[in-house]
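An overview of the molecular structure
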Amino acid sequence: MSKRSSLGFSFIFMVAILVLSFSMIGVQAQDATPAPTETPIVAEIGSGATHISFWNGLTGSDGVTLNEMLSEFAAENPDVSVTVEMIVWNTLYQKLQTAFVAGTQPDVILLHASEVPQFGSFGVLRDLSDQYTSGGGWLPDDDISATTMSGMVWDGSIYGIPLDNHGRGLWINTDMFEAAGLSTDPATAPTTYEGWVDLFQQLTLDANGNNAQSPDFDPENVVQWGFTVGEWPNVNFLGALYQHGGSFLSEDGTTITVNSEAGITALQQLVDLVYTYHVSPPAAGFDTWQGFGAGAVAVLPTGTWYRNQSLLQSDINSTAWPTYQFGENKAAWFGAHTFMIPASTEGENLDAVLRMIQWVSENQVIWASSGQVPARISAQEALDPETYPSNILLGQTFSEYGIQDPQTTVTQELLTLLDVGMQEALNGIKPADQALNDAAVLMQEALDRQ
Amino acid sequence: MARIIGQRLTEPRHSIFPFSMNLKTREAIAAYLFLSPFLIFFAIFFVRATISSVGMSFYDWRLLRPTTPYVGLDNYIDLFSDPIWWSSVIHTIYFAVVTVLGTTIVGLLAAVAVTRPIHGQGFFRVLLYIPQLMSVGAMGLVWNWLLSTQFGVINYLLSFIGIRPINWLGDPNLVIPALSLATIWWTFGFPMLIFIAGLQGIPEHLYEAARIDGANGRQIFFRITLPLLRPTILFVTVTGIISHFQVFGQPYIITGGGGPGRSSWTVVIYLYQQAWVAYRMGFGAAVAVAIAAIMAVITAFQFLVISRRVEY
């Protein structure tokens, strides 16, 4: 190739990539019909003289829902105004730490229940025991499930008031199920790993239309996947871990136990879905939501938050199923968005914050439109089955066999370390047992440092 | 007019300085006065922070923990005995070397191409520089899509020549070259600009003399252009290594955190994980000091090796 032609090729390559980049943005925009409502980064709600600041991580459509609720609250409480800042969760955790050091923390925050031990142990949160009826407050203790309530407590104090339960479930492409001659009734879902593999195999198709049970199936040329292991592998694994009788921590909370026999079995099963049964792409390099939206995935393991996304994808017919069962027991991971109040919030601001939390808590049925399951049992029971089928179905699984993140002061670090182990196994970098054992060593070091 | 301006610069009629000073001293003071806004902020936000970081690195400092025990060199001992740190160093060097080589070569070729007297020269210079203007977030998102295994445009184009989908971001052997490719496309515009300036600084009579002597295009490039560009190449490679050694955004956004596993963990991702996920600020400070030391050594090495043959 001459110098001139090589220069020309380089130039054309650069321009082509640039043009393709922007054309892809155009394609993305065309696919997303109708466009979701944008979530503002900062919202000023109400105009009352008592001004409170509120930070949360609801950067999706759920943030819009909460802001609408706060607008109603402000209309009923004209003396209060709220500045809401919506910050991506990981950044919110970091920003809170520096804000507490600098003394610039907000009046109220919405975090995950798994953050209660960390911030509770630092002594920067207000004890909210007096908000529950057992402490003379307004929130009936028996209106919150025992599992959810356990996440509010650290070292004998109650630091949180739960807004919701959000957790794992499956979204199935009903057209693909019907094309494969499979029932879409959640009651027909398999109850064994082998049963799920059989289901996924029937739903995995190569370019020639052969499913993964066919001897002519080409695993190198799959156009429709039965399952995906890539979205939030941690919680996929945690569900399977508990289904096999395993646990995250020892009973005394001092030893990491994810690499038990149950853990290795659970992770190996997920790995086998990729490399033995060829019913899922490897975790990296495959956008699971994009795949489901493009009609390339039949069963999407995701969460309650997918409800509104599924409504947006009007060309994909889908419905929610309870999460899979790979072991002898049932288990579904869930978390809880939780109101917490910094210890520094006092006086009129504290009064306004408590009124706001109580108003939102007593109107949790509205919150169900975000896709999440209201934390209060009374609100769960008040949901309309026609409007909120996924909230009700998945909410029942959390109540019956839900599991939460471990209660430690370093939970986020532990989950990050575990996630690396998941990626190493699910992308074929390490065998499942080695990946889990390596992760467990680092997790134990982190736990010992707390 | 030129003479009057020259007089005002060198012979002010009313000096702003209260004391009698010679011209050189007055010019030096004036220069420092002009520089002072930068120097003040540099001292407060860079020098002070750097010194604080060195101090912090000797403590087990967590953000919200009330006590901050002195641990001496323990953070450094832990750091240098951590195999994940060393693999992050190797990933970073690999990425920086490939990327600097790529941006230098592509930047030089692009500069040569757009320095020639062609129609629309300015348009092509702007067009080739446009990627550099993108934020790392936008660039990362676009390349995450481009490199997607099943839905990516690159795999789609490769399918026309019979190549099956490549898992660019899931294969630990491919992920850093893929990140380098994205970064080269994104950042070659800056070296291109520097090389354009360097090429315009080469006297035309040297090329004329070479052509009269019968030199062909290749000989002219390798015997005249390239040697006279050595100072520019030194600048581009030194600044490139410093810049790309601090890579964070591309692996963090394109692979979703430095994956698969830790296959694209760089030293800054390691620092981020320690300081902002584990909140080990003292340990994070030790990592930052180590990164600065490595960069200083690499830069000194570059100066020693390349500057020996640089013709200023």
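1. Section: the overall build of chain A
Tallying secondary structure elements over chain A gives 17 helices and 16 strands in all. In summary, chain A has a C-alpha radius of gyration of 24 Å against a globular reference of 22 Å for 450 residues, a match within 12%. Expressed along its principal axes, the backbone C-alpha trace of chain A runs to roughly 75 × 55 × 50 Å. Buried positions account for 51% of the 450 residues belonging to chain A. In chain A, the proportion of contacts linking residues at least 24 apart, taken out of those at least 6 apart, comes to 76%.

2. A look at the overall build of chain B
Scanning chain B from terminus to terminus reveals 15 helices and zero strands. A globule of 312 residues ought to have a C-alpha radius of gyration of about 20 Å, yet chain B, at 25 Å, is considerably larger. Judged by the C-alpha coordinates and their principal axes, chain B covers about 65 × 65 × 35 Å. Looking at the 312 residues of chain B, the share that counts as buried comes to 35%.

3. Regarding the domain arrangement of chain A
Residues and elements named next belong to chain A. Under the domain assignment, chain A is made up of domain 1 (42–163 + 336–362) and domain 2 (168–333 + 407–449). A C-alpha centroid distance of 32 Å is found between domain 1 and domain 2. With 10 residues of domain 1 at the contact, the number on the domain 2 side is seven residues. Elements represented by at least two residues in the side of domain 1 that touches domain 2 include exactly α2 (61–76) and α4 (116–121). Of the residues belonging to the side of domain 1 that touches domain 2, the class tally is three nonpolar, six polar and one charged.

4. Observations concerning the interface of chain B and chain A
Facing 34 residues of chain B, the contacting portion of chain A comprises 37 residues. Mapped by element, the contributors of at least two residues to the side of chain B that touches chain A are α4 (83–115), α5 (121–129), α6 (136–146) and α14 (267–277) of chain B.

5. Looking at unusual backbone geometry
Cis peptide bonds are those with omega within 30 degrees of zero, and the linkage from G259(B) to P260(B) qualifies with 0°. Relative to the helices and strands, P260(B) resides in the loop between α13 (249–254) and α14. Not every positive phi belongs to a glycine, and D155(A) is a case in point at roughly 55°. Tracing the chain through its elements places D155(A) in the loop between β5 (153–154) and β6 (157–158).

6. Some thoughts on the pairing of strand β14 (residues 337–340) of chain A
Residues and elements named next belong to chain A. Residues H337 and F339 point to one face of β14 and T338 and M340 to the other, with burial holding for every one of them. Examined bridge by bridge, strand β4 (residues 108–112) and β14 share four bridges and lie antiparallel to one another. By the bridge assignment, L111 is partnered in β14 with T338.

7. Observations regarding helix α16 (residues 411–426) of chain A
Owing to its 3.6 residues per turn, the α-helix brings residues three or four apart onto one side. Counted at 1.5 Å a residue, the expected span for α16(A) with its 16 residues is 22 Å, and the 22 Å between its end C-alpha atoms agrees. Immediately downstream of α16(A), the backbone of G428(A) shows phi near 75°, a positive value.

8. So, the sheet that holds strand β2 (residues 50–56) of chain A
Residues and elements named next belong to chain A. Pairing is mixed in the open sheet, where six strands are placed in the order β1-β3-β2-β4-β14-β7. Because the sheet does not close on itself, it has two edges, and the strands there are β1 (42–45) and β7 (161–162). As defined by bridge partners, β1 adjoins strand β3 (residues 80–86) across four bridges and the pair is classed as antiparallel. Within β3, the residue paired with A43 across the bridge is V84. In this fold helix α12 (residues 347–362) packs onto β2, β3, β4, β7 and β14, with an angle of close to 55° to the strand it touches most, β2.

9. Looking at the environment of A209(B)
For A209(B), the location among the structural elements is in helix α10 (residues 204–212). Once the C-alpha coordinates of A209(B) and H119(B) are considered, the two residues, 90 residues apart in sequence, prove to be 26 Å apart.

10. What to know about helix α8 (residues 175–187) of chain B
Between its first and last C-alpha, α8(B) extends 18 Å over 13 residues, near the 18 Å set by a 1.5 Å rise per residue. Burial analysis of α8(B) places 12 of its 13 residues in the buried class, the great majority of the element.

11. Quick word on the domain arrangement of chain B
A common way to report how large an interface is uses the accessible area buried once the components associate. Examined at the domain level, chain B breaks down into domain 1 (17–56) and domain 2 (74–307). Inter-centroid distance (C-alpha atoms) of domain 1 of chain B to domain 2 of chain B is 33 Å.

12. Side note on the environment of A278(B)
Structurally, A278(B) is set in the loop between α14 and α15 (281–307). Residues A278(B) and R62(B), spaced 216 residues apart in sequence, show a C-alpha to C-alpha distance of 8.9 Å.

13. Some thoughts on the confidence of the model for chain B
Atomic detail in the predicted coordinates should be set aside for any region of low pLDDT. All names here are of chain B. In the predicted model, chain B carries a mean pLDDT of 89, and 92% of its residues have values of at least 70. The least confident element of chain B, judged by mean pLDDT, is helix α1 (residues 2–10) at 46; the most confident is helix α3 (residues 74–80) at 97. Overall, residues 1–9 carries pLDDT values under 50, and its contacts beyond four positions in sequence, including any with other chains, amount to zero contacts. Quick note on the complex model: pTM equals 0.86, ipTM equals 0.85.

14. Focus on the pairing of strand β11 (residues 299–303) of chain A
Most of β11(A) is tucked away: five of the five residues are buried. A two-sided burial pattern is seen for β11(A), the buried positions comprising V299(A), P301(A) and G303(A) on one face and L300(A) and T302(A) on the other.

15. Some words on the packing of helix α8 (residues 233–243) of chain A against helix α9 (residues 261–275) of chain A
Two packed helices can be described by the angle between their axes and the distance between those axes. Residue and element names in this part refer to chain A. The interhelical angle for the contact between α8 and α9, taken along N-to-C directions, is 130°, at an axis separation of 8 Å. Classified by the interaxial angle, the pair formed by α8 and α9 is oblique. You can see that α8 and α9 cross each other, and the crossing is right-handed. Two secondary-structure elements touch here, α8 through N236, F237, A240 and L241 and α9 through A262, G263, A266, L267, Q269 and L270. Here the contact of α8 with α9 is composed, by residue class, of seven nonpolar, three polar and no charged.

16. Some details on the nonpolar core
By size, the foremost hydrophobic cluster in this structure holds 133 residues, and its most contacted members are F200(A), L267(A), L270(A), M443(A), A182(B) and V287(B). With sequence-adjacent residues up to four places away left out, M443(A) is seen in contact with I256(A), L414(A), L417(A) and L418(A). Membership of the second largest hydrophobic core comes to 50 residues, among which are I45(A), L58(A), I158(A) and L354(A).

17. Some points on the confidence of the model for chain A
All names here are of chain A. Summing up the model confidence of chain A, the mean pLDDT is 91 and the portion of residues at 70 or higher is 91%. Highest mean pLDDT in chain A belongs to helix α7 (residues 193–203) (98); lowest belongs to helix α1 (residues 3–31) (49). Counting interchain partners and residues more than four positions distant, the pLDDT-below-50 stretch residues 21–33 has five contacts.

The rules behind these values
Residues numbered from 1 in each chain as written. Chains lettered and ligands numbered in written order. Predicted model: local features only at pLDDT ≥ 70, side-chain atom pairs only at ≥ 80, totals over all residues. Helix = DSSP H or I, 4+ residues; strand = E, 2+ residues; numbered from the N terminus. Rg over C-alpha atoms; globule rule 2.2 N^0.38 Å. Buried ≥ 20, exposed ≤ 12 C-beta atoms within 10 Å, placed from the backbone. Contact = placed C-beta atoms within 7 Å. Domains from an automatic or database assignment. Nonpolar A, V, L, I, M, F, W, Y, C, P; charged D, E, K, R; others polar. Pairing = 2+ DSSP bridges. Expected span 1.5 Å × (residues − 1). Axes fitted to C-alpha atoms, helices over the stretch in contact; angles between N-to-C directions. pLDDT = per-residue confidence, 0-100. Parallel < 35°, antiparallel > 145°, perpendicular 65-115°, else oblique. Left-handed = near helix turned anticlockwise from the far one by under 90°. Core = buried A, V, L, I, M, F, W, Y, C linked by C-beta atoms within 7 Å.

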